[in-house]
Each structure stands twice: as C-alpha cells, then as structure tokens.
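One-letter residues, chain by chain:
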Amino acid sequence: MIILTGNDLKTGAVVWWDGVSWSLHVENAVDVGDQAGAIMAREEAARRVNVPYSIEATKDENGVRPAHIKDRVRALGPTVRPDLTLKPADPDIGEWVI
Amino acid sequence: MYQYDQYDQAMVDARVAEFRDQAQRRLEGKLSEDQFKPLRLMNGLYLQLHAYMLRVAIPYGTLNSTQMHVLADIADKYDRGYGHFTTRQNIQYNWIKLEDAGDILADLAKVEMHAIQTSGNCIRNISSDHFAGAAQDEVVDPRPYAELLRQWSSFHPEFMYLPRKFKIAVIASDTDRAAMRLHDIGIQIVERDGEIGASFYVGGGMGRTPMIAPNIRDFVPLDQLITYAEACLRVYNRYGRRDNKYKARIKILVHELGAEEYTRQVEEEFAHLLEQGIEPPIAELERIKPYFADPAFEDGPKTVDRSDPDFALWVDRNTHRHKHDSYVSAVISLKPVGGIPGDATAEQMHLMAELAKLYSFDECRVMHTQNVVLPHVKIADLHTLWTKLEAAGLGTPNLDQIGDIIACPGLDYCSLANARSIPLAQKISERFAANGKQDKLGELKLKISGCINACGHHHAGHIGILGVDKKGVENYQLSLGGSEAEDTSLGKITGRGFDEAGVIDAVDTVTDVYLAQREDGERFLDTYNRIGMAPFKEALYD
Ligand code: HEM
Ligand code: SF4
C-alpha cells in the first residue's frame, strides 16, 4: 500500500494521513492509491502538514508497517528512549523497528 | 569568560526579532517551506526524524552556570527534559516546536547565547581546547583568539554563502585535544623566539572524503591573524566547487590544487589584503583578553586521600593536570555504562551548573568527546565534587576508555542516517564494563557514526564504526587506527561489514588481539601501528 506522512507544521510531530486528517499513529494510515499527489498538494497548501511524502507500507494483523526502517523509527520514536515513543509502556517496542 | 558588548547583544536581539517574524509568517502561510527552510537553518532549526531540532552554539564550548541553567530550563520547558551535547561542543534539542522557537531564542539571547551559524554554508561555531586556560602545556590561552575569530566570522557578509559549511578549531599546545587537523582551518597558537603567532592548517575534514589538513604557514604574526584567515577563506570562496555538494568543502579544493598551489594563492591574496588594512586593531584583542584572565587561584593541598578506591580511580581517569598545582580540570562523564553518549537531563545540567559555580569559578566546558569539564577545581574540593557527581550518575570513571564512546544521534534521531549509532554505544559500553575488559584496555577511543557524514568522528577512532544501509538493513563497517590527536590519522576499514551483534563481537575480537600482542606501555593505537592490520583481519575473518 501507499501511505502519506509528513510533519505537523507547528509542532514538527510526525503525522500520517488517515483519510480525513493527519494522525500521530501509523496504525491509522490509509492506502491512498493514486491520490498521493493530489492529497499532499491540497494538505500542504492548507498548512495542515509540512513536507509530506508518500511511502510504501504493508498491512497485516499487527497493523501498518512502513517499508523503510527510517519511517518505522519516525512512526515509533527513538528506539533508545522507549519512554518517549508512542508506546511507552512496552520496553521492547524498539524491536518493531527492526 | 567573554561578555557581550552592546554590539554583540544588539546583533543577537535583532536576529531574535527577525526570526520571530519569519516563523510567524511561516505559520500563517505567508512563507512556503522552501522559502522558510534557509531562514530557519540560519538559526539552527532543522527538521529531523521526530520534530524540529535546535542546535545552540556554545562558543569554544565555554559556558557559565547561568547559561547552563538556561540550557536546562529550555530542555524542561520546551523539550522533553534533556539535551544532546555534540562533537562540535554544541547542544542539540530534539523535540522543538516551531511555535516555541522564537521564545527559545529569546531566552538564549538573555544569557548571551544563540543558534546563529550553527547550520548553513557559513563559518560555524569555533571550537577549541576544552582545557584552555587551565592546561599546563599551553603557550597561551587560545580562547581570546577563538573569540576574535568568532567576532570576525559572525555575520561576515562575504562568508555567509560559502560553497559549503566551514569549521575552525583553535588550540595552543602541541597536544591536540580539539581534532584541529580535521577542521577546515585548524589554528595552533605557537611561540617562536618569544613571539606569539599562529600556525595554519587548512583543508582537513571528515565526511565521505576524510582528509588531514596540511600546514600551509607555520607562523602568522598575531597582528595579521584575521587577515590571513580572510585570505584562506577568500581563495576558497572564489574557487571552491559550488557545482558539486560532495566536492564543495575546502579539503577538496586544497587537495585538487595541491597544498602548495593553494598556499601560493592564499599568500597572494594575503599580500593584497594587507594593503587593505582589514585587520582589527590589536586593541580589540587586548580588550578581549582580560575576560579570559586567570581566576584568583589559591594554594592548597596538592594530593588527595586515596583511601576510597572508587574515588582514586575517578581521580586517576577523569582529572587532568592543571597549570596551578593545587588545581585540576575535572571531567564529568556523560557516558554512564549503557547510557546515551552526550545526553544530559535538565536536572543533570542544573547540577553541573551548580557545581561549576561552587567549584570551578563559575565555568564549565563542553568537550568534543561529548563530556563536560570543570576546568579549575581545587584538589581540596575533589572528593566533595565526586560525591555529588556519583549521586547524580555523573561520576563514571571512563575518560578516554572504551566506554567513553563518541556516537552521533544516528537513525534514532537523524534524518540522514543509515543505521543507529546509540544502541551500539550502549551495548559496547555495557559489555566491556560487565566483562571487566575496559580496565585492562587503557586508552581506547571508539567512535561511531550513523552515516558517512562522520559526525561521530569514526574516521578518527582508534576503533571506528560506520553505519551503512545494506538493502534496508542496518550494517556496520569497522575501521582501525584512526586518531584525532597530535598524531592525527585516518582509520582503515577492516573488511566486510557486520550486523549489530556481529560488530559488537568484532570490537571484542580486535581488543583481544591487542591484549595478546601489546608490549609494555602500548595503547591500542600503538600496537595497531606496530603490528598493522593483518593480525586483526585474521582474527576477524578467518
Ligand atoms: C542531526 C542533525 C545533523 C545533520 C543533518 C548533520 C549533517 C552533517 C553533514 C551533511 C555532514 C557532512 C558535511 C560534509 O562532509 O560536507 C556533517 C558532518 C559533521 N557533523 Fe553533522 N549533522 C547532524 C548532527 C551532528 C551532530 C549531533 C554532531 C556532533 C555529535 C555533528 C558534528 C559533525 C561533525 C564533527 C562533522 C564532520 C566534520 C566535518 O567534516 O565537517 N553533526 N554533518
Ligand atoms: S553521521 Fe550521519 S547519522 Fe550521524 S548525525 Fe551525522 S548525518 Fe546524522
């Protein structure tokens, strides 16, 4: 699947296109098919996202998984600070990145 | 310490106001990201993996306690309670909001700090010897010269759009503690026949094409220091490779022209500039110097009570000889076993500030090895100091040991990274602490970068590790034999790369080779230089 990501303009937070707006959670990312360019242009113009780009991802029972490790780190947070990731309760969550 | 005069303060304040306006216009959509990016970068604001990242300049690494307290407050108020001290003696915050950036710069400006020229193709923050003004082996204190260069290079209109970034280091002793020859310009302040002058090394650097700077002039009289630096920059500004980002650093120009031809052109420009009279009056240097005058040292005990072995070990490892024999420079390790190299929490920063105030004439320094030093500590105060550091997790006795690892942020934070650096540093420091080998190894400098940009100085590590991308999987290349001290050398790659577990084992293996082969008094680097790569390769790959 093709999903969209970028940063929130004001906070810089990593965000994912969920079909309606931008979510902090990669699980909410939706396949945009061939609409990537149009959505990004519209959303960037509206300042709802900063420097968006499209990436490949897969989806299975564990949720959406970006194809590249860099985007998995972005999706989670720094693997060396589990407490600062989006899953602070799970000390082994860094494994998901690899 | 230097204190801003009205010009310094006015310039910095004006920049804060300007940036606030720019950020506001970006938030309102009046500026596009393409328009705004160069403006934010001029103020040290990057967009990194998780948020905006702010890099704050710490001129020649020197801070007073008020400034360190403000760095801690920023970490608390605008970030997530910590900061990362870097190999260029700066600090980076990883979780900055664009909405807050103006306020942060304003907070910094109140204590004579800023983020100007911490990014972009300009002259970056000047780095220096972290023991400046304290070291026993320096000819003079290099900081007044670093400060003069800072003033000259700040907003220098001719050098705001160089072909590429430009980094200068200044030292004043034969022992190099600032990786001087791996900078675009390395300046060593020297004494010749009773006269002080500057020896210029130009065209060093790390990155994808590491080079050791050749000496292009062994003595520039002090009243021509700035003119000579200007000539070096001018030749580069004119002929540096603007056509290719990867060939745009001055090291490539010096290499392609040859040091001799580059020097000839510099000398020609220098002769021309001398006629223009651009050198600041020597009175300016004389105005700066008193800010760096020695504090009021007092005589006192010259030895410590060594009955506590943990304390004795810390004294042996983490203190450095001072020019006054009742004092030492004490290094606060930001490399706890299993910790993140260079990270400090707001509480730790507050504590370091307090300790600087109590025990080091209100001064501390960031080291390029990502530690912090209290330059002037009375030997009589060492035990009290150590006790307080220990209690805060800042007393690790590992200066220049294998656990004192330099590591760049890598793929955990950096958008340019191929692989993570920090987890490797954590696992290596844990392994060598647990198996007791650290204590047997002596001085061993291990440096890790997450990509070829070499922010973690891997080329200059006795053992260097470089993260590479192997079809989307993290992979690590090992190199041996680098140094960034007075014996500067570039490491050589051992052979094919390793995965994360493999490279940690590989570090273990090469240290075994060293322990088996070392002769009396040899450091890892000495043994490597004597026996060469072959025995290490054999142990690693056969
Ligand atoms: C996270 C954001 C960072 C980015 C985007 C970044 C980018 C770069 C790039 C592109 C280069 C190569 C320049 C060239 O060869 O022309 C470089 C080199 C370097 N950076 Fe970074 N870096 C970052 C963080 C750091 C940190 C955290 C440190 C200190 C720990 C650092 C210190 C250095 C040093 C010492 C060099 C090599 C020396 C040189 O040749 O200039 N950088 N950086
Ligand atoms: S070496 Fe590469 S990964 Fe590490 S901080 Fe520099 S640019 Fe980022």
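Residues numbered from 1 in each chain as written. Chains lettered and ligands numbered in written order. Predicted model: local features only at pLDDT ≥ 70, side-chain atom pairs only at ≥ 80, totals over all residues. Heavy atoms only, no water.

Caption draft 1: The overall build of chain A, seen in detail. Helix and strand counts for chain A come out as two helices and five strands. The secondary structure elements of chain A, listed N-terminal to C-terminal, are β-β-β-α-β-β-α. For chain A, the C-alpha radius of gyration of 13 Å lies close to 13 Å, the compact-globule estimate for 98 residues. C-alpha atoms of chain A, sized along the principal axes, occupy 40 × 30 × 20 Å. Looking at the 98 residues of chain A, the share that counts as buried comes to 47%. The contacts of chain A with a sequence gap of at least 6 include a subset with a gap of at least 24, amounting to 49%. (Helix = DSSP H or I, 4+ residues; strand = E, 2+ residues; numbered from the N terminus. Rg over C-alpha atoms; globule rule 2.2 N^0.38 Å. Buried < 20%, exposed > 50% of the residue type's maximum accessible area, 1.4 Å probe, protein only. Contact = heavy atoms within 4.5 Å.)

Caption draft 2: The arrangement of the site of ligand 1 in detail. All names here are of chain B. By nearness alone, 23 residues border ligand 1, and Thr87, Lys165, Lys167, Arg249 and Cys455 come closest of all. In this structure, an oxygen atom belonging to ligand 1 sits 3.0 Å away from a main-chain N or O atom of Met206. One nitrogen or oxygen atom from the side chain of Arg249 is found 2.7 Å from an oxygen atom belonging to ligand 1. Among the residues making up the shell around ligand 1, the classes are represented as eight nonpolar, nine polar and six charged. (Near = heavy atom within 4 Å. Polar contact = N/O pair within 3.5 Å; in protein donor to acceptor, adjacent residues only side chain to side chain. Nonpolar A, V, L, I, M, F, W, Y, C, P; charged D, E, K, R; others polar.)

Caption draft 3: Structural context of the site of ligand 2. Surveying the vicinity of ligand 2 reveals the residues B:Cys408, B:Pro409, B:Gly410, B:Cys414, B:Leu416, B:Ala417, B:Ser449, B:Gly450, B:Cys451, B:Asn453, B:Ala454 and B:Cys455. Among the residues forming the shell around ligand 2, the class breakdown is eight nonpolar, four polar and no charged.

Caption draft 4: The sheet that holds strand 5 (residues 91-96) of chain B, seen in detail. Residues and elements named next belong to chain B. Ordered by their spatial adjacency, five strands build an open sheet running 1-2-5-4-13, and the pairing between neighbours is antiparallel. Only two strands of the sheet have a single neighbouring strand rather than two, namely strand 1 (45-47) and strand 13 (343-345). For this sheet the average axis-to-axis angle between neighbouring strands, irrespective of direction, equals 30°. With two bridges joining them, strand 4 (residues 82-85) and strand 5 adopt antiparallel strand pairing. By the bridge assignment for strand 5, His84 is matched with Gln92. (Pairing = 2+ DSSP bridges. Axes fitted to C-alpha atoms, helices over the stretch in contact; angles between N-to-C directions.)

Caption draft 5: Quick peek at the coordination of the iron atom of ligand 1. A lone protein donor contacts the iron atom of ligand 1, and this donor is B:Cys455 (SG), found at 2.2 Å. Among the structural elements, B:Cys455 can be located in the loop between strand 17 (446-449) and strand 18 (463-470). (Donors = N, O, S within 2.8 Å, 3.2 Å for Na, K, Ca; no water.)

Caption draft 6: Main features of the domain arrangement of chain B. All names here are of chain B. What the domain assignment lists for chain B is domain 1 (6-110), domain 2 (142-288), domain 3 (309-391) and domain 4 (406-541). Relative placement of domain 1 and domain 4: their C-alpha centres are 33 Å apart. Contact with domain 1, which involves 10 residues of that partner, is made by 10 residues of domain 4. Counting the surface lost from both domain 1 and domain 4, the interface buries some 760 Å², and carbon and sulfur atoms represent 54% of this. Considering only the surface of domain 1 that becomes buried against domain 4, Gln48, Leu49 and Thr87 emerge as the three largest contributors, covering 57% of it. Our count for the contact surface shared by domain 1 and domain 4 stands at zero salt bridges. In this structure, the connection of domain 1 to domain 4 is made through five residue pairs in polar contact (both at pLDDT 80 or more). Where the side of domain 1 that touches domain 4 is concerned, the elements lending two or more residues are strand 4 and strand 5. Among the elements that take part in the side of domain 1 that touches domain 4, strand 5 stands out by supplying three residues, more than any other. For the side of domain 1 that touches domain 4, a count of residues per class yields four nonpolar, six polar and no charged. (Domains from an automatic or database assignment. Buried area = accessible area lost by both parts, 1.4 Å probe. Salt bridge = Lys/Arg side-chain N within 4 Å of Asp/Glu carboxyl O.)

Caption draft 7: Structural view of the nonpolar core. Residue and element names in this part refer to chain B. The biggest cluster of nonpolar side chains holds 109 residues, and the ones touching the most others in it are Leu71 and Phe200. Among the elements that line this core, the one with the most residues is helix 6 (residues 225-239), at nine residues. Aside from chain neighbours lying at most four places away, what touches Phe200 is Ile185, Gly186, Ile187, Pro214, Asn215, Ile216, Arg217, Val220, Leu225, Tyr228, Ala229 and Cys232. Core analysis: the second largest hydrophobic core is formed by 32 residues, Ala419, Leu441, Leu446 and Tyr541 among them. (Core = buried A, V, L, I, M, F, W, Y, C linked by side-chain atoms within 4.5 Å.)

Caption draft 8: Inspection of the interface of chain A and chain B at higher detail. Counting residues at the interface gives 23 residues for chain A, matched by 32 residues for chain B. Roughly 2300 Å² of surface becomes buried between chain A and chain B when both sides are summed, with 59% attributable to carbon and sulfur atoms. Of all residues in chain A, A:Lys10, A:Lys70 and A:Val80 bury the most surface against chain B, accounting for 23% of the area lost on that side. Counting across the interface, chain A meets chain B through zero salt bridges. Where chain A touches chain B, the interface holds 13 residue pairs in polar contact (both at pLDDT 80 or more). Of all the secondary structure elements, the ones that give two or more residues to the side of chain A that touches chain B are strand 4 (50-60) and helix 2 (69-76) of chain A.

Caption draft 9: Structural context of the pattern of salt bridges. Residues and elements named next belong to chain B. Under the definition given, this model contains 52 salt bridges over all chains. Of the charged contacts, one joins Asp439 and Arg317 as a salt bridge, the two residues approaching to 3.0 Å between their closest N and O atoms. Taken together, the positions of Asp439 in helix 14 (residues 437-441) and Arg317 in helix 10 (residues 309-318) put the pair 122 residues apart, joining distant regions of the chain. The exposure class assigned to Arg317 is buried, which follows from its relative accessible area of 15%. Arg420 is the partner of Glu474 in a salt bridge, and the nearest nitrogen-oxygen pair spans 2.9 Å. Separated by 54 residues along the polypeptide, Glu474 in strand 19 (residues 473-480) and Arg420 in the loop between strand 16 (406-407) and helix 13 (422-434) bring together distant segments of the chain. A single burial state applies to Glu474 and to Arg420, both of which are buried. Residues joined in a network through salt bridges with shared partners are Arg431, Lys437, Asp505, Asp508 and Asp512.

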